Amino acid sequence: MPTSRTYGDACATARALDVVGERWALLVVRELLLGPQRFSDVRRALPGASSNLVTDRLRELEGRGVVTRRTLPPPAGSTVYELTAWGRELEPIVLALGAWAVNVPLPEPATLGATSVLLFLRGSARPRGSACYRVELDSRVWTVRTEPGRLTVEPGEPAAPDAVVRTDPVTLNALLENPAGFDAAIADGRVEIEGSKKAVRKLLREHA
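This structure is a prediction, so every number in the text was calculated from the model and none was measured.

### What about the UniProt feature "domain: HTH hxlR-type" (unreviewed entry) in the protein?
Mapped onto the present numbering, the UniProt feature "domain: HTH hxlR-type" (unreviewed entry) falls on residues 11-109. Regarding residues 11-109, the helix share stands at 52% and the strand share at 12%, and the terminal C-alpha atoms are separated by 36 Å.

So, in structure tokens, the structure goes:
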């Protein structure tokens, strides 16, 4: 059930942890950094958390003013959760935590979600041209757009992509680390491409 525990400490750090310090809370925030998500999307992205726990964290974050929910207009009509303006101010904090933890050993077993890989791509990309991609990771669709010096990611279908990429987060992460494996990944079926392979190859190579 939702918790209202507090450190009872006037320090701003303690008060921040009163808001986002519960287990899974910052990972819920992470999943919303790229845009609105349905409950089912957040739940699927956090396989180690029960449905009730994810519900509790979302309810707490909403109650604290970090997250809001709204109903999409027809024909979708589904309810989505998204960060408030105040909640979006957590983005550099979450990304800095990730950078700080780069030397922390990986847990075993470990999962790797679509949001984590796409945040890495967005943060490391140094594109020199403009293109639009439909990226499908584990049956979820994302729009990735590049323009000189900037890459954006948002959930949902693009209008007219230059290329379509279907793969899984682990494979995409591996290709970002070693783009030379692109042709082999296509050959063995780990990656499916529609449209311009050249554009996809360029996307994989244009990151720091």
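### Re the packing of helix α2 (residues 25-32) against helix α4 (residues 51-63)
Across the interface, α2 lies against α4 with an axial gap of 10 Å and an inter-helix angle of 80°. One way to sum up the angle between α2 and α4 is to call them roughly perpendicular. Counting all contacts with α2, which are made through Ala-25, Val-28 and Val-29, the residues of α4 involved are Arg-57, Leu-58 and Leu-61. Classifying every residue of the contact of α2 with α4 by side-chain character gives five nonpolar, no polar and one charged.

### Description of the environment of Trp-24
Structurally, Trp-24 is set in the loop between α1 (12-20) and α2. Judged by its relative accessible area of 17%, Trp-24 falls in the buried class. In contact with Trp-24, other than residues within four places in its own chain, are Leu-46, Gly-48, Ala-49, Leu-53 and Arg-57.

### Section: the nonpolar core
By size, the foremost hydrophobic cluster in this structure holds 47 residues, and its most contacted members are Val-29, Val-66, Val-67, Leu-118, Tyr-133 and Val-200. In terms of residue count, the dominant contributor to this core is helix α7 (residues 114-124) (five residues).

### A word on the pattern of salt bridges
Per the stated rule, a full pass over the model turns up 20 salt bridges. With its nearest N and O atoms 2.8 Å apart, the salt bridge here joins Arg-5 to Glu-22. In this pair, Arg-5 sits in the segment before α1 while Glu-22 sits in the loop between α1 and α2, placing the two residues 17 residues apart along the sequence. Classification of Arg-5 by relative accessible area gives exposed; the value is 58%. Looking at Glu-22, the relative accessible area reads 19%, which means it is buried. A salt bridge links Arg-201 to Asp-183; the nearest nitrogen and oxygen atoms lie 3.2 Å apart. Linking Arg-201 in helix α10 (residues 197-205) with Asp-183 in helix α9 (residues 182-187), this pair joins segments that are 18 residues apart in sequence. For Arg-201, a relative accessible area of 28% puts it in the partly exposed group. Classification of Asp-183 by relative accessible area gives partly exposed; the value is 44%. In this structure, a network of salt bridges that share partners links the residues Arg-134, Glu-136, Glu-157, Arg-166, Glu-192 and Glu-194.

Calculation rules
- Residues numbered from 1 in each chain as written.
- Predicted model: local features only at pLDDT ≥ 70, side-chain atom pairs only at ≥ 80, totals over all residues.
- Heavy atoms only, no water.
- UniProt positions renumbered as here; feature names shortened; annotations may be inferred.
- Helix = DSSP H or I, 4+ residues; strand = E, 2+ residues; numbered from the N terminus.
- Axes fitted to C-alpha atoms, helices over the stretch in contact; angles between N-to-C directions.
- Parallel < 35°, antiparallel > 145°, perpendicular 65-115°, else oblique.
- Contact = heavy atoms within 4.5 Å.
- Nonpolar A, V, L, I, M, F, W, Y, C, P; charged D, E, K, R; others polar.
- Buried < 20%, exposed > 50% of the residue type's maximum accessible area, 1.4 Å probe, protein only.
- Core = buried A, V, L, I, M, F, W, Y, C linked by side-chain atoms within 4.5 Å.
- Salt bridge = Lys/Arg side-chain N within 4 Å of Asp/Glu carboxyl O.

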